[in-house]
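Overview (structure and organization)
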Amino acid sequence: MASPTTLAHSPCPNDTFVFHAWSAGLLPGAPPPEVTIADIDVTNTLAEQGGQDVLKISYAALPYVLDRYALLPCGGALGHGCGPLLLTRDALEPADLAGRVVAIPTERSTAYLLFRLWAARNVAGGEVRTVVMPFHRIMPAVQEGVVDAGLVIHEARFTFPAYGLHRLVDLGEDWEARTGLPIPLGAIVARRDLGEARLAGITEAIRASVRHAWADPGASVDHVRAHAQEMAPDVQRQHIALYVNGYTEDLGPEGRTAVRTLLGQAVRAGAVPPFASEALVPAGTG
């Protein structure tokens, strides 16, 4: 008997919503996986260690693990109007950031990657000091003047006005204005050594889980809420509506182009290691 598939994903509402049906055993013919729920910086590290079968990671971390993990064509987070924000306590111009301190959630994030690409074009010499800080501390730190600016993601799009902060730039809007493409945020990857048949089965289970979530959104409410207890129910719903979309069911040609474009720019900027272009072909898409 084959060992159970191991799956690691974040506690964010989009992930718990997407993977609920599979992890709860609601999909006929798809054995439920053994699930680890951890923040994205933890799943990025788990991918580098190579132990888990399937993981949700940041697209910025993908080049570091392509030797052992294949990108899957579903389950991830791409979209329009859902990018990271750069927030400040006082109204600043981009040039004002030179030499100042910006709090970031992790260096292996698409948010930080987009920030680096933006800063290289908008801040004199691209010189910005950064400090890694737990996500929940970033907006309070900006509000209190501990740092000059903060890079935030996900539900902070909806909650930052409560902190009296200014939006210096929407890095998603900047990306879309330059490329016309969706923003690649979170990727689903699976170990290449699982083999084509098992990768195909995992891909179908994830797609079926997405479809089940859409068909019966009430089924996952308690599961989503249990892992997002500090998030108001309306913010949970907004989060899911923004990050679970057609690209979650299938990357499609536009999604794949977005991934290649982002990581290609990152390689040229020296922000991620180079990789073979064929390594980015999602498993099962040819």
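These remarks concern the structure in this document. Note that the structure is a prediction, hence the values are computed from the model and not measured. (Residues numbered from 1 in each chain as written. Predicted model: local features only at pLDDT ≥ 70, side-chain atom pairs only at ≥ 80, totals over all residues. Heavy atoms only, no water.)

1. What about the packing of helix 6 (residues 171-179) against helix 11 (residues 252-268)?
- The interhelical angle for the contact between helix 6 and helix 11, taken along N-to-C directions, is 105°, at an axis separation of 12 Å. Overall, the two elements helix 6 and helix 11 adopt an arrangement that is roughly perpendicular. Within the contact between the two elements, helix 6 uses Trp-175, Arg-178 and Thr-179 and helix 11 uses Ala-258, Thr-261, Leu-262 and Gln-265.
- Looking at the contact of helix 6 with helix 11, its residues break down into 3 nonpolar, 3 polar and 1 charged. (Axes fitted to C-alpha atoms, helices over the stretch in contact; angles between N-to-C directions. Helix = DSSP H or I, 4+ residues; strand = E, 2+ residues; numbered from the N terminus. Parallel < 35°, antiparallel > 145°, perpendicular 65-115°, else oblique. Contact = heavy atoms within 4.5 Å. Nonpolar A, V, L, I, M, F, W, Y, C, P; charged D, E, K, R; others polar.)

2. A word on the side chain of Gln-52
- Tracing the backbone through its elements, the reader meets Gln-52 in the loop between helix 2 (40-49) and strand 3 (54-58).
- Gln-52 gets classed as buried once you look at its relative accessible area, which sits at 15%.
- Among all residues touching Gln-52, those that are not within four sequence positions of it are Thr-6, Leu-7, Ala-8, Thr-36, Leu-46, Tyr-69 and Arg-191. (Buried < 20%, exposed > 50% of the residue type's maximum accessible area, 1.4 Å probe, protein only.)

3. Digging into the sheet that holds strand 6 (residues 85-88)
- Read from one edge of the open sheet, 5 strands run 8-7-9-6-10, paired in mixed fashion. Unpaired on one side and paired on the other, strand 8 (129-132) and strand 10 (166-170) mark the two borders of the sheet. Each neighbouring strand pair of the sheet contributes to a mean axis angle of 30°, computed without reference to strand direction.
- Of the strands in this sheet, strand 6, strand 7 (101-104) and strand 9 (149-152) touch helix 4 (residues 135-144), which is tilted by about 150° from strand 9.
- Against the sheet, helix 6 engages strand 9 and strand 10, with an angle of about 25° to strand 10. (Pairing = 2+ DSSP bridges.)

4. Structural notes on the side chain of Ser-58
- Locating Ser-58 in the fold gives a position in strand 3.
- Residue class for Ser-58 comes out buried when judged on its relative accessible area of 5%.
- A polar atom in the side chain of Ser-58 sits 2.9 Å from the backbone nitrogen of Thr-110.
- In contact with Ser-58, other than residues within four places in its own chain, are Ile-40, Asn-44, Arg-108, Ser-109, Thr-110 and Leu-185. (Polar contact = N/O pair within 3.5 Å; in protein donor to acceptor, adjacent residues only side chain to side chain.)

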